[in-house]
Amino acid sequence: PFELRRSSRYGFFANVQAVPTDFSIDYQVDQGVSPAFSAHLELVADAVERVSSRESSICEIGCGKGDFLRILAARSFKMLSGFDESYEGDDSRIKKSYPLEHHVPLEAQLLVIRHALDCIIDPVAYLAELHRINGQDCEVIIEVPCFDWIRAQGAFWDLTTERVNYFTEQSIEALLGSDLIGIDRMFDGQYLLIHAHLRGRDGATDHFEADACQGELQDLGYAQSSDLTERLADSTYWIWGTGSKGVMFLHHHLNWRPKSVPLGCVDINPMRQGTFTHSTGLEIISPARFGALFRVTQPVVVLNRNYVDEVSRSIEELTGVAAEIIAL
């Protein structure tokens, strides 16, 4: 179930039908295998350097497989810790959970919350809970998808069941008030990087109002699906990238046009290869296998424009020819 409504107090949007996602069972959220995304992580690390010393106590909430903490460690940050249910490694600094009562107090000077606050039911209460668990005021770096960008691009594929909340710059300003230090657009405008103080918060009530944006985005998604079908004509095609955008595109596109099944789905993350896409059940293959099957007459659909150059280079290196890339 998915029903997007708008917070009357803060102005962010939330799926009011959301249920918590279990990230503990082999959930492959890692994007660090992408050179483009790795470069983005380095820019976020630059932001951490601007606000923290090498001796600062830094804790990342929702640290995934630990990629960002490894970047900070390589920059000689010494007091690092992290929490994530999906963590699979053996770094003793990372707990395979989220902060709970027995972790009190964390006593972090900086909390990093990258692409986690958007997955939390009641993010306002969660920030208050994090402050209590931390045991002291601190600074926070928060990264979330930018709903202003999603609406401007008509990116219907960015509405996912894992992601509960959708923040605009204006809603972040309302949510954090005088605690907000600054907001930057990152990753070609797709993300908001927020720097703020985290202090105790009031528990004022909020309610969520109906809004037309979900229907508007769905109409735009349907139009993109139609345009793609017309552009492909009789050509067979590939999907490159099976993160949330790729999965959601296939879910909707094949629901609307069940005969428009791609030849296959490619992903550079080795942990996804040999598995299957949610809902549509298409096998995910490696770039090497794609290279052996690809023909120059077959367009490749990329759901995130930030990866077009990276995908184009990969295909040319694998096959020796340039592919037609269709970016949505």
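Scroll up to find the structure.
Residues numbered from 1 in each chain as written. Predicted model: local features only at pLDDT ≥ 70, side-chain atom pairs only at ≥ 80, totals over all residues. Heavy atoms only, no water.

Observations concerning the overall build of the chain
Working step 1: Each helix and strand in the chain was counted, giving 9 helices and 16 strands.
Working step 2: For 328 residues, the compact-globule estimate of 2.2 N^0.38 gives 20 Å, and the chain sits close to it at 20 Å.
Working step 3: Along the three orthogonal principal directions, the C-alpha set of the chain runs to about 60 × 45 × 30 Å.
Working step 4: The 328 residues of the chain split such that 51% are buried.
Working step 5: Long-range contacts, defined as pairs at least 24 residues apart, comprise 68% of the intrachain contacts of the chain with a sequence gap of at least 6.
Working step 6: Of the roughly 15000 Å² of accessible surface on the chain, 50% is carried by carbon and sulfur atoms.
Working step 7: Of the side chains in the chain, 28 bear a positive and 47 a negative charge, and the two mean positions are spaced by 2 Å. (Helix = DSSP H or I, 4+ residues; strand = E, 2+ residues; numbered from the N terminus. Rg over C-alpha atoms; globule rule 2.2 N^0.38 Å. Buried < 20%, exposed > 50% of the residue type's maximum accessible area, 1.4 Å probe, protein only. Contact = heavy atoms within 4.5 Å. Areas by Shrake-Rupley, 256 points an atom, 1.4 Å probe, with all protein chains shown as cover. Lys, Arg positive; Asp, Glu negative; His and termini not counted. Charge placed at Lys NZ, Arg CZ, Asp CG, Glu CD.)

Regarding the packing of helix 1 (residues 35-51) against helix 2 (residues 67-74)
Working step 1: Two numbers describe how helix 1 lies on helix 2: the axes approach to 10 Å, and their chain directions differ by 55°. Between helix 1 and helix 2, the angle is such that the two are oblique. As for the relative orientation of helix 1 and helix 2, their crossing is right-handed in sense. In this structure, helix 1 contributes Leu-41, Glu-42, Val-44, Ala-45 and Val-48 to the contact, and helix 2 contributes Asp-67, Phe-68, Ile-71 and Leu-72.
Working step 2: A per-class count over the contact of helix 1 with helix 2 returns 7 nonpolar, no polar and 2 charged. (Axes fitted to C-alpha atoms, helices over the stretch in contact; angles between N-to-C directions. Parallel < 35°, antiparallel > 145°, perpendicular 65-115°, else oblique. Left-handed = near helix turned anticlockwise from the far one by under 90°. Nonpolar A, V, L, I, M, F, W, Y, C, P; charged D, E, K, R; others polar.)

Describing the packing of aromatic side chains
Working step 1: Summed over the entire model, instances satisfying the criterion amount to 17 aromatic pairs.
Working step 2: With a centroid separation of 4.9 Å and an interplanar angle of 45°, the aromatic rings of Phe-13 and Phe-147 are classed as tilted. With Phe-13 in strand 2 (residues 13-15) and Phe-147 in helix 4 (residues 147-153), this pair connects stretches of sequence that are 134 residues apart.
Working step 3: On the accessibility criterion, Phe-147 (0% relative accessible area) is buried.
Working step 4: What links up through ring pairs into an aromatic cluster is the set Phe-156, Trp-157, Tyr-222, Phe-249 and Trp-256.
Working step 5: The ring of Phe-77 has Arg-54 lying over it, and the distance from NZ or CZ to the ring centre is 4.8 Å.
Working step 6: Of note, Arg-257 hangs over the ring of Tyr-222, and the distance from its end group to the ring centre comes to 4.6 Å. (Phe/Tyr/Trp six-rings, centres within 6.5 Å; stacked < 30°, edge-to-face > 60°. Lys NZ or Arg CZ within 6 Å of the ring centre and 35° of its normal.)

Some points on the pairing of strand 3 (residues 57-61)
Working step 1: With respect to burial, strand 3 is a largely interior element, 5 of its 5 residues being buried.
Working step 2: Judged from the 5 bridges that link them, strand 3 and strand 4 (residues 79-83) form a sheet pairing that is parallel. Each residue of the ladder has a partner; that of Glu-60, found in strand 4, is Gly-82.
Working step 3: What joins strand 3 to strand 4 is helix 2, and the crossover it makes is right-handed.
Working step 4: Note that strand 3 and strand 6 (residues 110-114) share 3 bridges and pair parallel. Pairing of Ile-58 across the sheet is with Leu-110, part of strand 6. (Pairing = 2+ DSSP bridges. Right-handed = clockwise from strand over helix to strand, strands pointing away.)

As for the sheet that holds strand 4
Working step 1: In space, the 7 strands of this open sheet follow the order 5-4-3-6-7-10-9, with mixed pairing throughout. Edge strands, defined here as strands with exactly one partner in the open sheet, are strand 5 (94-95) and strand 9 (180-186).
Working step 2: Running over the sheet, helix 3 (residues 123-134) touches strand 3, strand 6, strand 7 (138-145) and strand 10 (191-198) and is turned about 145° from strand 6.
Working step 3: Taken strand by strand, helix 5 (residues 169-176) contacts strand 9 and strand 10, and its axis lies near 160° from that of strand 9.

Section: the side chain of Ser-7
Working step 1: Tracing the backbone shows Ser-7 in strand 1 (residues 4-7).
Working step 2: Within the structure, Ser-7 has its side chain in polar contact with the backbone nitrogen of Tyr-10 (distance 2.9 Å).
Working step 3: Dropping the residues within four chain positions of it, Ser-7 is found in contact with Phe-12, Asp-206, His-207 and Phe-208. (Polar contact = N/O pair within 3.5 Å; in protein donor to acceptor, adjacent residues only side chain to side chain.)

Observations concerning the pattern of salt bridges
Working step 1: In this structure the tally under the stated criterion is 21 salt bridges.
Working step 2: We note a salt bridge from Lys-65 to Glu-88, for which the minimum N-O separation is 3.6 Å. A residue pair is termed long-range when its members are at least 10 positions apart, and Lys-65 in the loop between strand 3 and helix 2 and Glu-88 in the loop between strand 4 and strand 5 qualify at 23 residues.
Working step 3: A relative accessible area of 44% places Glu-88 in the partly exposed class.
Working step 4: With its nearest N and O atoms 3.6 Å apart, the salt bridge here joins Arg-231 to Glu-324. (Salt bridge = Lys/Arg side-chain N within 4 Å of Asp/Glu carboxyl O.)

Observations regarding the pairing of strand 1
Sheet faces and side chains relate simply in a regular strand, where the side chains alternate between the two faces.
Working step 1: Where strand 1 meets strand 2, 3 bridges bridge the pair, whose relative direction is antiparallel. Counterpart to Arg-6 in the pairing with strand 2 is Phe-13.
Working step 2: If you look at the hairpin formed by strand 1 and strand 2, you'll find 5 residues sitting between the two strands, and Gly-11 has a positive phi there, around 90°.
Working step 3: Alignment of strand 1 against strand 11 (residues 208-210), held across 3 bridges, turns out to be antiparallel. In the sheet register, Arg-5 faces strand 11, and the bridge partner there is Ala-210.

Here we look at the layout of surface pockets
Working step 1: Estimates place the volume of the second largest pocket at around 300 Å³.
Working step 2: Surrounding the second largest pocket, 20 residues form its lining, Asp-122, Pro-123, Val-124, Ala-125 and Phe-208 being those nearest its centre.
Working step 3: Contributions of two or more residues to the lining of the second largest pocket are made by strand 2 and helix 3.
Working step 4: Of the residues assigned to the lining of the second largest pocket, the class counts are 13 nonpolar, 3 polar and 4 charged. (1 Å grid on protein atoms, 1.4 Å probe; cavity = no way out; pocket = protein on both sides within 12 Å on 5 of 7 lines; lining within 4 Å. Points joined across faces, edges and corners; volume = space filled by probe spheres on them.)

Nothing here speaks to function; it is all geometry.
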